[in-house]
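# A closer look at the structure
Given next are the chains, with one letter for each unit.
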Amino acid sequence: MLDIKWIRDNPAKLDEALAKRGAPPAAIDLIKLDERRRDHLKVLQDLQGRRNEASKEIGKAKGSGDNARAEALIEEVGKLKAEIQDGEETERRIDADLEDVLARIPNLPLDDVPVGRDEADNVEIRRVDEPPRFAFEAKEHFELGEALGMMEFEQAAKISGSRFTILKGQLARLERALGQFMLDLHTTEHGYAETAVPLLVRDEALFGTNQLPKFAEDLFHTTEGRWLIPTAEVPLTNLVRERTLDAAELPIRVTALTPCFRSEAGAAGRDQRGMLRQHQFYKVELVSITDEETSIEEHERMTACAEEVLKRLGLTYRVVTLCTGDMGFGARKTYDIEVWLPGQGTYREISSCSVCGDFQARRMNARYKLAGEKAQRFVHTLNGSGVAVGRALIAVMENYQNEDGSITVPEALRPYMGGLEKLAVA
């Protein structure tokens, strides 16, 4: 959520930034709504002032024996009280209208984010390693998994419908190994604190991390009013909601391995085969809470932590900066890490790392205070995948496949696989 005071002072900058994101101008409507709110508050304050004066005058009138005036003042105070109550209800409605409009405006991109419409305008900033070459035609992950008898889609569909997968035996263990490997790397070498979080959250938590109100159709909602998390970003970031931290506590770095649940409402016809796009998947999430001076530096650090996962697994990847039109709603800048998939012959996203500035903190009312200062500031939040476990499994399967259909286990994962070096049909 953006600062309405900043918008009043910088209406042209707001509309210019929104135009870069392909969003319509909003400054005029927001300022009009804010002026209506400010004008109403002035009227309400005048009413409250007059009520206080009249209440004092009642005592004076009674003390001087002027009962008629006292009665008139009592009647006036009663009317003022009713007007104030109505005015306070109007204030709540105006505040809600303003908050709703502000809540639907995306974050403003940093100046160095490339301007563009969609993923075609993203800018590659580096490639790491060269794609492997095979002496045979590379297969896609679902071909490999089904041939091994360790990946089932038809039975999963009978149980749960489309976009679900059943993993079995060594392949299920390999998925678990990937998650454990990532957690160990981030907690023992990168300074993130492992955190076990709820998988069901309230409206307020999703509002705080800007999934609500705009993206409700992308989520799964329970009959009792809670939501399944689309990513551990939601509970991890909300660890600081409605809190004021000491600056000395920052940065806070936390990580979690959780299932994630997404309706994929806008993905009809995309990635229908295999497990690239699922309703349920595992992901290791990275979240940082920083001060405003260090958030940009933290963004680079977080991205490097996610990259290290792929380096340890020996996977080819590239890093791209998302353009303004492809960037997420709450981000000021995003790096996507895309891993090479030989079966598809292309790079596919495996991690997104975003810096959000104080956008989410305003929605969560998360602040910090510098030593010796009375004023409080909003924290800055960052989130990233470190990385998506299911997509890492796909990448390992396709990059480490052998001509006979077996899959070599990367060295980094062998300690988690009991020393197993190869997945093969028994």
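Cut-offs applied
Residues numbered from 1 in each chain as written. Predicted model: local features only at pLDDT ≥ 70, side-chain atom pairs only at ≥ 80, totals over all residues. Heavy atoms only, no water. Pairing = 2+ DSSP bridges. Helix = DSSP H or I, 4+ residues; strand = E, 2+ residues; numbered from the N terminus. Axes fitted to C-alpha atoms, helices over the stretch in contact; angles between N-to-C directions. Parallel < 35°, antiparallel > 145°, perpendicular 65-115°, else oblique. Contact = heavy atoms within 4.5 Å.

### Thoughts on the sheet that holds strand β14 (residues 376-378)
Strand pairing in a sheet relies on backbone hydrogen bonds. The paired strands run either parallel or antiparallel. If you walk across this open sheet you meet the three strands as β7-β13-β14, and the pairing is mixed. Looking at strand neighbours, the two that pair on one side only are β7 (244-246) and β14, the edges of this open sheet. Adjacent strand axes in the sheet meet at a mean angle of 40° when their direction is disregarded. Across three bridges, β7 lies against strand β13 (residues 367-369) in parallel orientation.

### Thoughts on the sheet that holds strand β9 (residues 280-290)
Strand order in the open sheet formed by eight strands is β1-β10-β11-β12-β15-β9-β8-β4, and the pairing between neighbours is mixed. The sheet is open, and its two edges are formed by β1 (123-128) and β4 (193-194), each paired on a single side. Of the pairings in the sheet, the one linking β1 to strand β10 (residues 317-321) comprises five bridges and is antiparallel in character. Residue pairing across strands places Val123 opposite Thr321, the latter belonging to β10.

### Some points on the packing of helix α5 (residues 141-148) against helix α12 (residues 389-399)
Put simply, α5 and α12 touch, their axes get as near as 9 Å, and they point 80° apart. The orientation of α5 relative to α12 falls into the category roughly perpendicular. For the pair α5 and α12, contact is made by His141, Leu144 and Gly145 and by Ile394, Met397 and Glu398, respectively.

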